[in-house]
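Chain by chain, the residues:
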Amino acid sequence: MHVLGLCLPVDVQPVFVAGAAAGELGMGQQTATPWDGNSPKRLGIQCPLFLLPRRTLWLKPRRVGRWLLCASAERLHQNDREETEPINMERMGHPEIYPLVLTTQTQEIFNCRIDEDITDEQPYKLIKKEDIFADFQNRAAVSDFYPVKKVIQEYPGDELLVVYDKDFKYGVNFYLIGTEEGKKNYLNSPEVPEEQEEYKEHIPEDVYIYKPPISKPWVSLGSEKEIAEESVKESTKQITYMISRKRSEFGAPIKFSDQNASSVKDAYIECTAYPDRHFALKQLEKDVGMQVVPKVKDTSTQTRWTYPKNAITQYYPRELSEEEKETFGQSKPLSDFLNNTCISVEIALQQNEIMNTFIDDWKCLAEEESSFGDKTDTHLKEYQSFTDLHNLTEKMVTSVSWHPTIYGLIAVSVAARLSLEERVHFSGKLLLQPSLILFWSFSDPIHPQLMLESPDDIFCFKFCPSDPNIIAGGCINGQIVMWDITAHADRIENIKTGGSRSKKVTLKPMFLLEPDSNKEATYIRHCAVSSIENGHKKVITDIHWLSDTFEINRSGTVFENRNGICCQLVTCSADCTICFWDIRPQKALTPQLIEKKKEEHIEIPLDVPSTFLHLDLSWKPLTKIRLSKGETSLDHCPTKISLSEDNLLYKAQDKILAQSKAVKAGEMNPYHNLEAGLANHLKPIEDFCTKFFVGTEEGGVIYTDWKMERDPETGRLMTKKPVSLYTIHDGSVHTVQRSPFYKDIILTIGGWNVAIWKEGVMTGPLLQSSCAPKRYTAGHWSLTRPGVFYIGREDGYVDIWDLLEKTHEPALSQNICITMITYIKPWTFSAKQQFIAIADYYGTLHILEIPWTLSHPSTNEVSSMNYYFEREVKHLEYVEERKKIREQERKEMELELEKTKVKTYQKSKEHLEAELKMDYESYLELEKNILINLGFIKMKETMSFMDL
């Protein structure tokens with residue numbers, strides 16, 4: 001019988017060898033230890049087992065009188081482990097071959113005994129799959145076919161081919177052919193002549209037979225012409241030089257000596273290089289032949305410490321005895337060393353105190369250079385544009401807003417380009433045309449992804465900070481419209497990300513996109529509209545969501561938010577009012593009230609969600625504020641507002657993402673249960689700033705308070721008087737916005753100029769620009785640079801202001817379109833890519849990429865701008881103090897003048913005559929002196945003159 005040969009690598013489990021065979025292998029009892037595991041009878045072994053040391057073991061097959069069985073410990077515990085991937089001979093070029101170890105018991109079961117059922121003439125056996133499956137049921141994981149169970153189950157045929165590996169080519173005694181094709185190739189292999197087989201048996205496999213090369217005739221394929229063309233041929237005529245000397249000087253001794261070349265005339269001639277302008281060398285076309293050579297690369301590596309370990313050590317100082325201290329103290333070499341190094345150490349310490357040696361000077365220089373880069377880096381680059389090609393009516397973009405969570409998705413509201421008279425004239429036609437908010441995606445610049453319908457043209461809208469699927473908008477007729485696009489959220493996300501909800505999306509250029517020409521637009525109806533009778537009477541010019549941290553009541557008092565989400569809105573309109581709205585029901589809704597509400601209204605379509613059903617056509621403002629002009633009965637007309645909490649909305653993107661993920665995870669949307677928080681107790685918030693900025697249609701900037709006060713006479717709630725009013729702008733204010741970096745810095749744009757204010761400074765604006773060549777129509781702060789903001793003009797230009805570079809004029813003006821710019825909205829897509837959306841009067845939305853210099857701030861830009869604002873505040877205080885001083889001086893001068901007049905009236909007649917006489921005598925004395933100096937009179941005449 002044949003002994004099983006096995007090679008085990010170092011990193012596998014130890015092997016077990018029959019004890020009777022251990023001595024024959026030369027291991028002996030000293031190298032093998034008894035195995036006390038499970039009984040070896042599962043493998044059909046009747047003798048004790050010994051555990052070999054864990055090392056590589058090569059056993060050459062030889063004939064012995066008994067079986068030698070080698071198996072791994074892992075093989076003995078196949079019942080306790082999961083199925084592993086069967087090992088094939090793919091590394092040897094035979095992926096269809098799977099080695100097997102068949103014991104004597106297995107050979108007897110399947111009638112494949114060596115030298116009996118399997119011979120040299122027929123070294124294989126066809127075994128049916130049914131027999132193998134039966135063996136699995138009987139012996140389970142102990143079966144020798146268990147390692148290739150997965151291969152047997154997937155085998156398409158009914159019979160499997162098991163081949164006897166006589167020479168242990170694959171390391172074991174049998175191997176299984178796991179494919180039908182390999183089985184056919186083995187059974188139908190071509191026969192080899194007997195003579196050739198005998199010859200191969202005598203030649204060892206590892207002997208190399210040299211075969212000398214055979215010369216063949218040269219066959220020309222045209223390469224000699226290419227070699228001739230590539231060969232170098234001399235084209236210039238060679239110059240021949242002849243050097244000679246006298247025959248008598250041949251063999252004469254030569255003496256060399258040193259000589260100063262500059263002291264001897266004509267000893268040397270300096271030939272300096274100079275450009276010859278009359279000579280031009282034209283380089284002709286040059287053919288260069290290249291030869292492929294192996295690349296040589298020098299690499300190095302550093303061992304990385306992958307197992308950090310906390311370690312400590314304790315050491316004791318070296319202490320010297322008194323005698324040793326005296327010896328070292330009197331040592332002359334030590335004293336000389338200290339005296340020599342003392343000065344250099346003192347200088348080094350002084351240098352460390354004077355300057356910081358760890359500052360990288362080159363890095364600081366690079367930072368300064370980056371702030372003054374090339375002018376070409378400051379221009380906005382056109383990235384994409386959107387136009388509604390399906391709507392043929394003349395529309396303009398009125399408002400733009402980027403989606404807070406889906407990157408690359410932007411919403412725009414459009415309205416008809418008509419004046420008030422034209423709207424009245426074409427009112428019938430306008431009712432037939434839909435008023436929409438379009439959702440555009442970077443992945444499809446032609447077809448809008450969603451279209452939100454509204455009863456009239458939308459002039460402003462905002463995404464809800466707590467849930468981006470909730471949208472509120474203001475109409476031209478004074479109504480507020482609410483949408484809920486939760487049912488379409490997955491659709492727009494899949495459109496943007498291509499089925500993945502990952503935030504990191506690679507935006508493709510416009511020419512690489514392939515939009516679907518047959519795509520149908522999705523129209524979404526509104527959920528609720530406000531009451532026409534109780535709302536605004538004119539166009540709503542601005543709308544804002546109040547923060548989810550607070551809420552107000554009818555008197556304007558601030559309380560903690562009971563629902564923890566944004567539930568209130570603030571709007572301003574051209575009807576001279578500012579309204580606060582609450583989307584929650586004023587009373588808890590019961591099922592009876594809900595059914596009654598449904599019966600009163602027209603049947604609601606199935607595609608309209610019932611999120612704000614309680615608000616539809618009955619929504620009234622919570623409180624209403626009027627900005628009175630004081631003594632007159634007229635009111636200010638607000639166009640834009642800015643609350644103290646607006647700057648927090650710029651930093652709420654992470655919170656929005658977390659809330660949207662929570663809703664997607666299966667939690668209930670809080671907007672579907674708004675009455676849940678109404679039962680909670682209201683907790684007032686102390687020291688809350690209720691003041692806000694308002695821009696008016698007349699160009700004024702008002703700083704007022706939304707908190708109401710009681711009229712002492714009537715007891716009714718009335719609006720407080722404005723804290724301050726400044727008429728700075730010479731046109732309607734269309735931008736009132738807080739800085740994303742400073743919560744007390746406000747930017748206002750209107751008419752032909754721009755102003756920057758600081759909350760709490762009542763003396764005036766920190767910065768007021770001069771009149772621009774064209775009227776300003778839109779503006780916005782930069783989201784990443786505190787000193788940069790963008791302003792759109794009516795001629796299609798965008799003025800880019802950089803306060804670190806210039807404060808009296810724009811740093812750059814760039815043309816975007818040929819018509820008026822109506823809205824500007826920047827957005828940060830990633831740390832390396834930022835966009836700005838610019839809308840125009842013709843309904844086109846331009847997406848431009850912001851360059852590096854305008855999107856990445858310098859190291860100290862925030863502190864520099866803060867210092868600039870503080871300096872301007874001090875300048876205003878100084879100017880105010882000088883005004884007070886000048887006013888005081890003017891009053892003192894007027895008082896002194898009044899005193900002088902009073903003194904003049906109080907003098908008597910005699911005093912007046914005496915003063916006149918003294919003035920006359922002084923005049924005569926002056927006249928005499930002048931005449932004497934001029935020589936017109938003499939002293940005698942003077943005496944007579946005096947007598948007179």
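Bear in mind that the values here come from a model prediction, so they are computed numbers and not experimental data. (Residues numbered from 1 in each chain as written. Predicted model: local features only at pLDDT ≥ 70, side-chain atom pairs only at ≥ 80, totals over all residues. Heavy atoms only, no water.)

(A) A look at the overall build of the protein chain. Within the protein chain one finds 21 helices and 41 strands. Considering only contacts in the protein chain between residues 6 or more positions apart, those separated by 24 or more positions represent 64%. In the structure as shown, the protein chain presents an accessible area of about 62,600 Å², 54% of it carried by carbon and sulfur atoms. (Helix = DSSP H or I, 4+ residues; strand = E, 2+ residues; numbered from the N terminus. Contact = heavy atoms within 4.5 Å. Areas by Shrake-Rupley, 256 points an atom, 1.4 Å probe, with all protein chains shown as cover.)

(B) Representation of the pattern of salt bridges. What the rule picks out here adds up to 23 salt bridges. In this structure, Glu-894 engages Arg-890 in a salt bridge whose closest nitrogen and oxygen atoms are separated by 2.8 Å. Here the residue Glu-894 and the residue Arg-890 both occupy positions in helix H19 (residues 861-906), the gap between them amounting to four residues, near one helical turn. Classification of Glu-894 as partly exposed rests on a relative accessible area of 42%. (Salt bridge = Lys/Arg side-chain N within 4 Å of Asp/Glu carboxyl O. Buried < 20%, exposed > 50% of the residue type's maximum accessible area, 1.4 Å probe, protein only.)

(C) Representation of the nonpolar core. Core analysis: the biggest nonpolar cluster contains 23 residues, and Met-482, Trp-545, Leu-569, Ile-583, Phe-612, Trp-619 and Tyr-671 have the highest contact counts within it. The set of elements that each furnish at least two residues to this core consists of strand E15 (470-475), strand E16 (480-484), strand E19 (540-545) and strand E23 (577-582). Ranked by residue count, the leading element in this core is E19, at three residues. Beyond its immediate chain neighbours, meaning those up to four positions away, Trp-619 contacts Ile-480, Met-482, Val-529, Ser-530, Ser-531, Leu-569, Trp-581, Asp-582 and Ile-583. Counting residues in hydrophobic clusters, the runner-up holds 22 residues, among them Tyr-383, Trp-402, Phe-442 and Ala-839. (Core = buried A, V, L, I, M, F, W, Y, C linked by side-chain atoms within 4.5 Å.)

(D) Quick peek at the sheet that holds strand E5 (residues 97-100). In space, the four strands of this open sheet follow the order E5-E8-E7-E6, with antiparallel pairing throughout. Because the sheet does not close on itself, it has two edges, and the strands there are E5 and strand E6 (124-128). Neighbour to neighbour, the strand axes of the sheet diverge by 30 degrees on average, direction disregarded. Packing of helix H4 (residues 129-139) onto the sheet brings it into contact with E6 and strand E7 (159-164), and relative to E6 it is tilted by some 70 degrees. Against the sheet, helix H6 (residues 180-187) touches E6, E7 and strand E8 (174-177), its axis set at about 50 degrees to E7. (Pairing = 2+ DSSP bridges. Axes fitted to C-alpha atoms, helices over the stretch in contact; angles between N-to-C directions.)

(E) Highlighting the packing of aromatic side chains. Taken as a whole and judged by the stated rule, the model has 31 aromatic pairs. Ring plane angle 55 degrees and centroid distance 5.6 Å describe the contact between Tyr-868 and Phe-869, whose orientation is recorded as tilted. By relative accessible area, which is 3% here, Phe-869 ends up buried. Put simply, the rings of Tyr-383, Phe-386, Trp-402, Tyr-407, Trp-440, Phe-442, Trp-827, Phe-829 and Phe-835 pair up and form one aromatic cluster. Against the face of Phe-136 rests Lys-149, its NZ or CZ located 5.8 Å from the ring centre. (Phe/Tyr/Trp six-rings, centres within 6.5 Å; stacked < 30°, edge-to-face > 60°. Lys NZ or Arg CZ within 6 Å of the ring centre and 35° of its normal.)

(F) Representation of the pairing of strand E11 (residues 409-416) in the model. Of all eight residues that make up E11, eight are buried, and the element is covered over most of its length. As consecutive antiparallel partners, strand E10 (residues 395-402) and E11 are separated by six residues, and within that stretch Gly-408 has a phi angle of approximately 90 degrees, a positive value.

(G) How the structure looks around the sheet that holds strand E32 (residues 745-750). One open sheet holds the four strands; their spatial order is E31-E32-E33-E34, and the pairing between them is antiparallel. Two strands close off the open sheet at either side, each with one partner strand: strand E31 (733-738) and strand E34 (767-768).

(H) A negative patch on the surface, seen in detail. Residues Glu-226, Glu-229, Glu-230, Glu-285 and Asp-287 make up a contiguous surface patch of negative charge. Judged by its relative accessible area of 48%, Glu-230 falls in the partly exposed class. (Patch = residues over 30% accessible without salt bridge, like charges linked within 9 Å, V, L, I, M, F, W, Y side chains within 5 Å. Lys, Arg positive; Asp, Glu negative; His and termini not counted. Charge placed at Lys NZ, Arg CZ, Asp CG, Glu CD.)

(I) Highlighting the environment of Leu-418. Among the structural elements, Leu-418 can be located in the loop between E11 and helix H12 (420-425). Taking the C-alpha atoms as reference points, Leu-418 and Glu-394, separated by 24 residues in sequence, lie 8.8 Å from one another. Those residues in contact with Leu-418, other than ones at most four positions away along the chain, are Arg-423 and Leu-430.

(J) Geometry of the side chain of Ser-642. Its location among the elements puts Ser-642 in strand E25 (residues 638-642). Residues within four places of Ser-642 in sequence aside, it is in contact with Phe-692, Phe-693, Val-736, Gln-737 and Arg-738.

(K) A look at the environment of Trp-781. Along the chain, Trp-781 falls in strand E35 (residues 776-781). Trp-781 sits 35 residues away from Ile-746 along the chain, and the two C-alpha atoms are 9.7 Å apart. Excluding residues within four positions of it along the chain, Trp-781 makes contact with Gln-737, Arg-738, Ser-739, Pro-740, Ile-745, Leu-747, Ile-756, Pro-786, Val-788, Phe-789 and Pro-826.

(L) Region of the structure containing H4. The complete set of buried residues in H4 reads Lys-129, Ile-132, Asp-135, Phe-136 and Arg-139. Along the axis of H4, the buried residues cluster in a sector spanning 115 degrees; they form a single face. The outward face of H4, more than 90 degrees from its buried face, is lined by the exposed residues Glu-130, Gln-137 and Asn-138. In this structure, the buried side of H4 is in contact with helix H3 (104-110), E6, helix H5 (149-154) and E7. Phi turns positive one or two residues past the end of H4, at Ala-140, with a value near 55 degrees. (Arc of directions from axis to C-beta.)

(M) Spotlight on unusual backbone geometry. Positive phi outside glycine occurs at Phe-168, with the angle close to 55 degrees. Position of Phe-168 relative to the elements: it lies in the loop between E7 and E8. By relative accessible area, Phe-168 is classed as buried at 13%. A positive phi angle, near 55 degrees, is found at Asp-687, a position not held by glycine. Within the secondary structure, Asp-687 sits in the loop between helix H17 (653-664) and strand E26 (691-696). Residue Asp-687 is classed as exposed on the basis of its relative accessible area of 82%.

(N) Fine view of the state of the cysteines. Tallying each qualifying case throughout the model produces zero disulfides. Sulfur of Cys-637: no disulfide; nearest cysteine sulfur belongs to Cys-576 and is 4.7 Å away. (Disulfide = S-S within 2.5 Å.)

(O) Representation of the confidence of the model for the protein chain. Summarising the model, the protein chain shows a mean pLDDT of 77, and 76% of its residues fall at 70 or more. Within the model, the stretch residues 1-83 combines pLDDT values under 50 with 149 contacts to residues more than four positions away or in other chains. (pLDDT = per-residue confidence, 0-100.)

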